[in-house]
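Report on the structure
So the chains spell out like this:
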2 protein chains.
Amino acid sequence: MSAHDPSARFADLPPPPYFAVIFSSQRSAEDEAGYARAADRMVELVRQQPGFLGMESVRDGEGFGITVAYFDSEQSIRAWREHAEHAAVRDLGHRRWYRRFEQRVAIVQRAYGGPRGAAP
Amino acid sequence: MSAHDPSARFADLPPPPYFAVIFSSQRSAEDEAGYARAADRMVELVRQQPGFLGMESVRDGEGFGITVAYFDSEQSIRAWREHAEHAAVRDLGHRRWYRRFEQRVAIVQRAYGGPRGAAP
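Only a predicted model underlies this, so the values are computations on that prediction, with no experimental measurement involved. Throughout, residues of each chain are indexed from 1 in the direction in which the sequence is written. Lettering of chains starts at A and numbering of ligands starts at 1, both following the order in which they are written. Under the rules for a predicted model, residues below a pLDDT of 70 receive no local features and side-chain atom pairs below 80 are neither given nor counted, while totals for whole chains, interfaces and linings still include all residues. Only hydrogens and water are removed before side-chain values are computed, so all heavy atoms of the structure are retained for them.

1. Some points on the sheet that holds strand 2 (residues 52-59) of chain B
Quick note on the threshold: Only strands that DSSP links by at least two bridges are regarded as paired with each other. Numbering of helices and strands runs from the N terminus, with a helix taken as a DSSP run of H or I at least four residues long and a strand as a DSSP run of E at least two residues long. Every axis in this analysis is a line fitted to C-alpha atoms, fitted for helices over the stretch in contact. Angles between the N-to-C directions lie between 0 and 180 degrees. Any two residues having at least one pair of non-hydrogen atoms within 4.5 Å are treated as being in contact.
Reading across from one edge, 2(A)-3(A)-1(A)-4(A)-4(B)-1(B)-3(B)-2(B) is the order of the 8 strands in this open sheet, with antiparallel pairing throughout. Edge positions in the sheet fall to strand 2 (52-59) of chain A together with strand 2 of chain B, since each of these pairs with one other strand and no more. Averaged over all neighbouring strand pairs, the angle between strand axes comes to 25°, with direction disregarded. For strand 4 (residues 98-115) of chain A and strand 4 (residues 98-115) of chain B, the ladder comprises 15 bridges, and the chain directions are antiparallel. Paired with A:Arg100 across the two strands is B:Pro115, which belongs to strand 4 of chain B. On the sheet, helix 2 (residues 74-82) of chain A packs against strand 1 (18-27), strand 3 (64-71) and strand 4 of chain A together with strand 4 of chain B and is oriented at approximately 65° with respect to strand 4 of chain B.

The structure is reproduced here in structure tokens:
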């Protein structure tokens, strides 16, 4: 990700259908360094997961964030959920790093957008 | 929304299924005042839409943002898309306020989360 290439923030996805895991969270004030390390490691791991299609993520100065990770199938989502290192970090997240979180799993039916000028 | 009540950032939703409109965008550097006014007005309008269930929204210091709006049905999403004032503002958004955006419409199948301690 780079401020000089805004397109790097967007996921390049195949045509729908595919699956979205929508994760909203409010960070606690605890353990910023540990959180940042774990977050970077999770991005590295999820990118290696079979069936991972892409992700978009943003967190603001108040610590509220939304991450949407896209997968090709329910099977791929399940495999990621059951990944041992991910499960351990997720448990820490629930107990320490997040004041609250919500996760929603959805099937994307249609998509549109693109750079300015390319919109339908 | 208030920094003193982080839960105000989360949508309180009924049990799935329901629909999600996932909107990712990179702001241009143009017209911050006009954009902010329009964004506030759109939040006010969408909250009055029949079938609107809630929304979560975040934008960071680099101007990248994700907003997820939840609706009870495809019909409600269509009515919101065809709302005249929304359509006019959306057109301005595509031409002026966003360098790029992506929109994905999805059916949420399952959801979990909650304040810390309440997680399954």
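2. A closer look at the relation of the copies chain A and chain B
To go from the first copy of the chain to the second, apply a rotation about an axis and then a shift along the same axis. Keep this limit in mind: Alignment of copies: least-squares fit on C-alpha atoms of residues with pLDDT of at least 70 in both copies.
With an RMSD of 0.0 Å, the fit of chain A onto chain B corresponds to turning through 180° and sliding 0.0 Å along the axis. The transformation relating the two chain copies, once decomposed into turn and shift, fits a two-fold axis. Most of the interface of chain A is mirrored in chain B, where 100% of its interface residues again form contacts.

3. Concerning the pattern of salt bridges
Stated precisely, the cut-off is as follows: The rule for a salt bridge is simple: a side-chain nitrogen of Lys or Arg has to be within 4 Å of a carboxyl oxygen of Asp or Glu. Only protein chains enter the accessibility calculation, which uses a 1.4 Å probe; a residue whose area is less than 20% of its type maximum is buried, one above 50% is exposed, and one in between is partly exposed.
All chains considered together, the criterion is met by 22 salt bridges over all chains. With a closest N to O distance of 3.0 Å, A:Arg9 and B:Glu62 form a salt bridge. With A:Arg9 in the segment before strand 1 and B:Glu62 in the loop between strand 2 and strand 3 (64-71), this pair bridges two chains. The exposure class of B:Glu62 is partly exposed, given its relative accessible area of 46%. As a salt-bridge pair, B:Glu85 and B:Arg41 come within 2.7 Å of each other at their nearest N and O atoms.

Coordinates in, geometry out; function isn't part of it.
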